[in-house]
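The lines below spell out each chain.
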Amino acid sequence: MRSKLCVALALTSFLNGAALAQSPVPSRQDIETIVAEYIKTHPDELGTVVKDYVVKHPEILREIFLAIAANKMQSKAGDNAQSAAAAEKLARKRAETVTANAELLFVSPRQTTLGNASGDVTLVEFFDYNCGFCKRALGDLVNLLAEDAKLKVALKEFPVLGPRSMDSLVAVAVRMQDPSGVKYLAFHRQLLGSHEAANRERALAVASELGLDRSRLERDMASEEAHATIAENEQLAAALHISGTPAYVVGTNVFTGAIGEHALKEQIDAVRNNHNQ
């Protein structure tokens, strides 16, 4: 684009009787030198010069626009390539972390296990009871549990939304009082499925309605086990570069965001098929 402008200015100055009038055909470098000097000595005329040339040669506008578009496409392609490389690097790093932490991710005694405890595929979910996307994704989890008898689900309480997320300690206390996970699932569905904000009192009320001992819940919430559970989940999330919810682990792949039931099922099927090969 710069060269086009230089040529335009040089030709215009030539037409106006500038220094090029008696000179041989100048080289590109000569033209740029002359144009630079012309701009320096005639700063107020630059706009008029450009306007006059464009009026006389409107076809240059198309070339300018094409050059701009080409530059943008080239820049975008470079950005996309960098983003793809960064995403691939992160995926490899996460896969290595999953392998190194497989026991804590898939069979930790501190997680809540739902579905088939001996299932052939484990779906891990990190969640927060005040996360709107987790609330939307609840139906995905419920449907997968209902439709896939071989699926094991590991739930990881991951309170990322501030002090209100103390309800996660209530969830841990529910798990401690209900190892079977039956009441935990009912608690989970009721608290996460509600449009109300989840907090300590709301979570305790839901657990009490399900027949759990409130006094024991409060004692367990203050226990070392409860706080160690949250700490373990936070450490796993940090190692996996998970900073939001929901986040899923299937096989050695990590997915962030509410990716939907269909996408989760595809990943589960892919891991299962790979095991069967």
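Thresholds, definitions, all that
Residues numbered from 1 in each chain as written. Predicted model: local features only at pLDDT ≥ 70, side-chain atom pairs only at ≥ 80, totals over all residues. Heavy atoms only, no water. Axes fitted to C-alpha atoms, helices over the stretch in contact; angles between N-to-C directions. Helix = DSSP H or I, 4+ residues; strand = E, 2+ residues; numbered from the N terminus. Parallel < 35°, antiparallel > 145°, perpendicular 65-115°, else oblique. Left-handed = near helix turned anticlockwise from the far one by under 90°. Contact = heavy atoms within 4.5 Å. Nonpolar A, V, L, I, M, F, W, Y, C, P; charged D, E, K, R; others polar. Pairing = 2+ DSSP bridges. Phe/Tyr/Trp six-rings, centres within 6.5 Å; stacked < 30°, edge-to-face > 60°. Buried < 20%, exposed > 50% of the residue type's maximum accessible area, 1.4 Å probe, protein only. Patch = residues over 30% accessible without salt bridge, like charges linked within 9 Å, V, L, I, M, F, W, Y side chains within 5 Å. Areas by Shrake-Rupley, 256 points an atom, 1.4 Å probe, with all protein chains shown as cover. Salt bridge = Lys/Arg side-chain N within 4 Å of Asp/Glu carboxyl O. Polar contact = N/O pair within 3.5 Å; in protein donor to acceptor, adjacent residues only side chain to side chain. Expected span 1.5 Å × (residues − 1).

(A) Representation of the packing of helix H9 (residues 200–209) against helix H10 (residues 214–221). The N-to-C vectors of H9 and H10 enclose an angle of 135 degrees; their axes lie 10 Å apart at closest approach. Relative to H10, the element H9 is oriented oblique. Crossing angle aside, the handedness with which H9 passes H10 is right-handed. On the side of H9, the interface is formed by Arg200, Glu201, Leu204, Ala205, Ala207 and Ser208, while H10 contributes Arg214, Leu217, Glu218 and Met221. A class-by-class count of the residues in the contact of H9 with H10 yields five nonpolar, one polar and four charged.

(B) How the structure looks around the sheet that holds strand S4 (residues 247–250). Spatial ordering of the open sheet is given by S1-S3-S2-S4-S5, a layout of five strands whose pairing is mixed. Looking at the sheet topology across the chains shown, the edges are occupied by strand S1 (112–115) and strand S5 (253–256). Across the sheet, the mean angle from the axis of one strand to that of its neighbour is 20 degrees, orientation sign disregarded. Where strand S2 (residues 121–127) and strand S3 (residues 151–157) come together, seven bridges link them in parallel fashion. For Thr122, the partnering residue across the bridge sits in S3 and is Lys152.

(C) View of the packing of aromatic side chains. According to the stated counting rule, one finds four aromatic pairs in the structure shown. Their ring planes at 80 degrees and their centres at 5.0 Å tell us that Phe127 and Tyr129 sit as a pair that is edge-to-face. For Phe127, a relative accessible area of 0% translates into the label buried. An angle of 80 degrees between the planes, with centres 5.8 Å apart, marks the rings of Tyr129 and Phe187 as edge-to-face. Here Tyr129, found in the loop between S2 and helix H6 (132–147), pairs with Phe187, found in helix H8 (residues 182–192); they are 58 residues apart in sequence, far enough to count as distant. Put simply, the rings of Phe127, Tyr129, Tyr184 and Phe187 pair up and form one aromatic cluster.

(D) Focus on a nonpolar patch on the surface. A surface patch of nonpolar side chains, amounting to about 270 Å² of accessible area, comprises Leu61, Phe65 and Ile68. Relative to the helices and strands, Phe65 resides in helix H4 (residues 59–100).

(E) Layout of the side chain of Glu232. Here Glu232 is to be found in helix H11 (residues 224–239). At 2.6 Å, the side chain of Glu232 forms a polar contact with the side chain of Ser108. Every residue in contact with Glu232, bar those within four places of it in the chain, is listed here: Leu104, Ser108, Arg110 and Lys156.

(F) Just H9, in detail. For H9, the full list of buried residues reads Arg202, Ala203, Leu204, Val206 and Ala207. On its buried side, H9 packs onto helix H7 (167–177), H8 and H10. Where H9 starts, the residue carrying a side-chain oxygen 3.3 Å from the main-chain nitrogen of Glu201 turns out to be Asn199. Looking one or two residues beyond H9, the residue adopting positive phi is Gly211, at roughly 95 degrees.

(G) A look at H6. Taking 1.5 Å per residue, 16 residues should reach 22 Å; H6 reaches 24 Å between its end C-alpha atoms and fits that length. Taken together, the buried positions of H6 are occupied by Cys134, Ala137, Leu138, Asp140, Leu141, Val142, Leu144 and Leu145. Against S1, S2, S3, H8, S4 and helix H12 (261–276) lie the buried residues of H6.

(H) Layout of the pattern of salt bridges. One pass over the structure, following the stated rule, counts 14 salt bridges. With a closest N to O distance of 3.4 Å, Arg110 and Glu232 form a salt bridge. Placement of the pair is Arg110 in the loop between helix H5 (102–107) and S1 and Glu232 in helix H11, with a sequence separation of 122 residues. When the shortest N-O distance is used, the salt bridge between Arg202 and Glu196 registers 3.9 Å. Relative accessible area serves as the criterion here: at 48%, Glu196 is assigned to the partly exposed category. Overlapping salt bridges bring together Asp120, Asp148, Lys265, Asp269 and Arg272 as one network.

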